[in-house]
Amino acid sequence: MNKILLAFAVMIFTASAGIAAGPVELESLRASDLNLAEQLIPLPAAPLRADTVSPDLLAKFNDAEKQLSALRNDLNWAGNDLNDLERRARQMIQFNTNDYFFRTDLSRMSSDMSRRFDTSRRLMADVKNLLNLAQKAQELNKSARNMEASARDILRLTWPALQDAAGRLEGTIRSGDPAVVGYNSQWNAADISRYTRQLSDSARYLATDTKNLVNATQP
């Protein structure tokens, strides 16, 4: 329809010019004149079609987003728990008394930090996989931005606060009598320190990769 209207306009323009210059026959209009006019007046470009995001890919993004948020929430009080353990260890050493729940709580903290590190390592692999699957789409970009925010919080919580708290706990326990703080406490404290260092390293990679994921999904 646009081409017909355009051709009609060119015919009127040419005919008008011909009348001014002298009689002209309609058949004298050449097809090349119409083609030239069509080239000089560009038609509107067709709108770009956004890539369709598969439900499976969106589900993978949302799952990683939820798990990163859960890890961040899990770490919110970990620093306070480590500081409390260090305070109790100091009291035991200072007053040469036993805290019968201390060893159990210390062992539980070691298991929790191991679990958190394993979760962070798995999330590192998940985010790297999403980088390979990323598409430029608004819904994916929104999920990626939430992931980046959680990753930044995880890094802030683990380094230096959590790592320093674990180091102080290990130093305090090593300074005490094993008969008071527990013969396995030094091993558990060393494990906690190692897990927090590894968790901090994972947090740095997560912060970088989620930022790259935001860029990769930006429409």
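On a predicted model such as this, the values are computed, not experimentally measured, just so you know.

A. Representation of the confidence of the model for the protein chain within the structure. Here the protein chain shows a mean pLDDT of 86. Residues at 70 or above account for 77%. In this model residues 1–10 is a low-confidence stretch, pLDDT under 50, and it forms eight contacts with partners more than four residues away in sequence or in other chains. Predicted confidence is poor over residues 17–29, with pLDDT under 50, and the contacts of this stretch with residues over four places away or in other chains come to five contacts.

B. Focus on the nonpolar core. By size, the foremost hydrophobic cluster in this structure holds 42 residues, and its most contacted members are Leu-75, Leu-82, Ile-173 and Ile-192. Counting residues per element, the ones that place at least two in this core are α3 (55–75), α4 (78–95), α5 (102–133), α6 (138–174), α7 (178–181) and α8 (185–217). It is α6 that provides the largest number of residues to this core, a total of eleven residues. Once you skip the residues sitting within four places of it in the chain, Leu-75 turns out to touch Arg-116, Ile-154, Leu-157, Thr-158, Leu-162 and Leu-199.

C. Expanded view of the pattern of salt bridges. Scanning all chains against the criterion turns up 18 salt bridges. A salt bridge links Asp-191 to Arg-194; its shortest N-O distance comes to 2.9 Å. In this pair, Asp-191 and Arg-194 are both assigned in helix α8, three residues apart and thus about one turn of the helix distant. Each of Asp-84, Arg-87, Arg-88, Asp-99, Asp-105 and Arg-108 takes part in a single network of salt bridges with overlapping partners.

Thresholds, definitions, all that
Residues numbered from 1 in each chain as written. Predicted model: local features only at pLDDT ≥ 70, side-chain atom pairs only at ≥ 80, totals over all residues. Heavy atoms only, no water. pLDDT = per-residue confidence, 0-100. Contact = heavy atoms within 4.5 Å. Core = buried A, V, L, I, M, F, W, Y, C linked by side-chain atoms within 4.5 Å. Buried < 20%, exposed > 50% of the residue type's maximum accessible area, 1.4 Å probe, protein only. Helix = DSSP H or I, 4+ residues; strand = E, 2+ residues; numbered from the N terminus. Salt bridge = Lys/Arg side-chain N within 4 Å of Asp/Glu carboxyl O.

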